[in-house]
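Secondary and tertiary structure notes
The chain contents come next:
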Amino acid sequence: MLQRLFQPWPWYVSGPLIGLTVPLLLLFGGRNLGVSSSFRHICAALLPKSPLAELRSYDWRKESWNLLFVLGLAAGAFLATRFLSSYPAPLLPPSAHTVTGALRLLGGGILIGFGTRWASGCTSGHSIMGLSNLQLASLVATLSFFAGGLTAALIHWLLGMGGR
Amino acid sequence: MGRLRYFLLGAYFGLVLTKSQVISWYKIRNMFYFREPDLYLIIGSAVLVGAVSVRLIKRFHPRTFQGEPLAIPGKQLTRGTVLGGFLFGLGPLHLGRRATRSVSLRPPTASDRVIPQIA
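The following paragraphs examine the structure supplied in this document. (Residues numbered from 1 in each chain as written. Chains lettered and ligands numbered in written order. Predicted model: local features only at pLDDT ≥ 70, side-chain atom pairs only at ≥ 80, totals over all residues. Heavy atoms only, no water.)

1. Considerations on the overall build of chain B
As a reminder of what qualifies: Helical segments are the DSSP runs of H or I of at least four residues, strand segments are the runs of E of at least two, and each set is numbered from the N terminus. Three exposure classes are used, based on accessible area relative to the maximum for each residue type with a 1.4 Å probe and protein chains only: buried under 20%, partly exposed in between, and exposed over 50%. Any two residues having at least one pair of non-hydrogen atoms within 4.5 Å are treated as being in contact. For the area figures, the Shrake-Rupley method with a 1.4 Å probe applies, and any residue is considered shielded solely by the protein chains shown.
Helix and strand counts for chain B stand at 4 helices and 0 strands. For chain B, the α and β elements follow one another from N to C terminus as α-α-α-α. By the burial criterion, 43% of the 119 residues in chain B qualify as buried. Of the contacts formed within chain B by residues at least 6 apart in sequence, a portion of 38% connects residues at least 24 apart. By element, 64% of the accessible surface of chain B is carried by carbon and sulfur atoms, the whole surface being about 6500 Å².

2. Some thoughts on the packing of helix H5 (residues 64-83) of chain A against helix H1 (residues 4-19) of chain B
Stated formally: Lines fitted to C-alpha atoms define the axes here, with helix axes fitted over just the stretch in contact, and angles between the N-to-C directions of these axes take values from 0 to 180 degrees. Working definition: roughly parallel below 35 degrees, roughly antiparallel above 145 degrees, roughly perpendicular at 65 to 115 degrees, and oblique for all remaining angles. In this scheme the handedness of a crossing depends on how the near helix is turned from the far one: anticlockwise by less than a right angle means left-handed, clockwise means right-handed.
Packing of H5 of chain A against H1 of chain B leaves a shortest axis separation of 6 Å and a crossing angle of 40 degrees. In terms of axis orientation, H5 of chain A runs oblique to H1 of chain B. Our pair here, H5 of chain A against H1 of chain B, has a crossing hand that is right-handed. Residues Trp 65, Leu 68, Phe 69, Leu 71, Gly 72, Leu 73, Ala 75, Gly 76, Ala 77, Leu 79, Ala 80 and Thr 81 of chain A of H5 of chain A lie in contact with H1 of chain B, whose contacting residues are Tyr 6, Phe 7, Leu 9, Gly 10, Ala 11, Phe 13, Gly 14, Leu 15, Leu 17, Thr 18 and Lys 19 of chain B.

3. Points about the interface of chain B and chain A
To be explicit about the condition: Two parts placed together each lose some accessible area under a 1.4 Å probe, and adding up what both lose gives the buried area. Only one rule defines a salt bridge in this text: a Lys or Arg side-chain nitrogen within 4 Å of an Asp or Glu carboxyl oxygen. Nitrogen and oxygen atoms within 3.5 Å of one another constitute a polar contact, given that in protein one can donate a hydrogen and the other can accept it, and given that sequence-neighbouring residues count only through two side-chain atoms. Residue classes follow a fixed rule: Ala, Val, Leu, Ile, Met, Phe, Trp, Tyr, Cys and Pro count as nonpolar, while Asp, Glu, Lys and Arg count as charged, and any other residue, Gly among them, counts as polar.
In this assembly, 88 residues from chain B lie in contact with 103 residues from chain A. Together, the buried faces of chain B and chain A total about 8700 Å²; carbon and sulfur atoms form 72% of this surface. Summed over the shared surface of chain B and chain A, the result is 0 salt bridges. Here chain B and chain A share 23 residue pairs in polar contact (both at pLDDT 80 or more) between them. For the side of chain B that touches chain A, the secondary-structure elements that each account for two or more residues are H1, helix H2 (25-32), helix H3 (38-60) and helix H4 (79-94) of chain B. Residue contributions to the side of chain B that touches chain A peak at 15 residues, all from H4 of chain B. The residue makeup of the side of chain B that touches chain A, split by class, is 50 nonpolar, 25 polar and 13 charged.

4. Here's the deal with the side chain of Asn 30 of chain B
All names here are of chain B. With respect to the element layout, Asn 30 can be found in helix H2. Note on Asn 30: relative accessible area 6%, which makes it buried. Not counting residues up to four positions away in its chain, the partners in contact with Asn 30 are Arg 35 and Glu 36.

5. Observations concerning a nonpolar patch on the surface
Operational definition: By definition, no residue in a patch forms a salt bridge, and every one has over 30% relative accessible area; like charges are joined within 9 Å, nonpolar side chains (Val, Leu, Ile, Met, Phe, Trp, Tyr) within 5 Å.
A surface patch of nonpolar side chains, amounting to about 800 Å² of accessible area, comprises Val 99, Leu 103, Leu 106, Ile 110, Phe 114 and Trp 118 of chain A together with Val 82 and Leu 83 of chain B. Within the residue set of the nonpolar patch, elements represented by two or more residues are helix H6 (99-118) of chain A together with H4 of chain B. By residue number, the principal contributor to the nonpolar patch is H6 of chain A, which donates 6 residues. Within the secondary structure, Val 82 of chain B is located in helix H4. The partly exposed category is assigned to Val 82 of chain B, whose relative accessible area is 38%.

6. Here we look at the environment of Glu 54 of chain A
Residues and elements named next belong to chain A. With respect to the secondary-structure elements, Glu 54 resides in helix H4 (residues 53-56). Its relative accessible area of 52% is what places Glu 54 among the exposed residues. C-alpha separation for the pair Glu 54 and Ser 37, spaced 17 residues apart in sequence, amounts to 13 Å.

7. Points about the pattern of salt bridges
Residue and element names in this part refer to chain B. One pass over the full model with this rule turns up 2 salt bridges over all chains. Salt-bridge contacts for Lys 27 lead to Glu 36; the nearest nitrogen and oxygen are separated by 3.0 Å. Accessibility expressed as a relative area gives 10% for Lys 27, which makes it buried. With relative accessibility at 21%, the residue Glu 36 sits in the partly exposed group. Across the salt bridge formed by Asp 38 and Lys 27, the nearest N and O atoms sit 2.7 Å from each other. Pair noted here: Asp 38 is in helix H3 and Lys 27 is in helix H2, with a separation of 11 residues, a long-range link. Salt bridges linked by common partners bring Lys 27, Glu 36 and Asp 38 together as one network.

Here's what the structure looks like:
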């Protein structure tokens, strides 16, 4: 039993536990689950004199709980990897640990960061919180995430990358 | 507790995301390649639990445990929802590259390594 704790958790354990974050955050903090809005808070905090009114006039302090949440996210991930895993979770393919791999990571990161702000949410805010709240925008966003992912997979397949 | 609770809730979320391995590039690729159902089942069951919770909270307990009123704002549908969402979806797999063909196609499993015995 204890051994299984150190293995990757099966979907029927981890899925509901992920979903449980929604009521926990609502009942303990009155907040809506979301991760990527922290990008906006960080930008607004770092660029108080930004020429973009969107950032300049934005009161990130009101949303600073989100930064604590994201800090906790990193701490929890560290805890899980360091103390609750028999072996580290396979995060990235070995090809990512090269110069071109790093550049690709950077490109992927920019797509994720830019896209998530444009869409006003990521997998947490839209696919988990938004869908839980039965929001049409979140359904559209989730389908768009999926369309993007499938397109990338199709390009991979056509170019013979990452294939079997 | 104060604001520490947000840190702790974040730690909970990070721990579960890590233990479920949804943070793994392999898991994400296998979802988009339709190779394994794990991520569909994880997202599906997470949304089910989340949706039931939100419904129950709205119905029976529209306040936090501190007694403050709860707001669950809706999400705005804009052009960015579709276009930004699409770019966001492109991101994770963008970093896969040709070399993945010659290296391991699956994440290491328990049998690949010696698992330390837990007393």
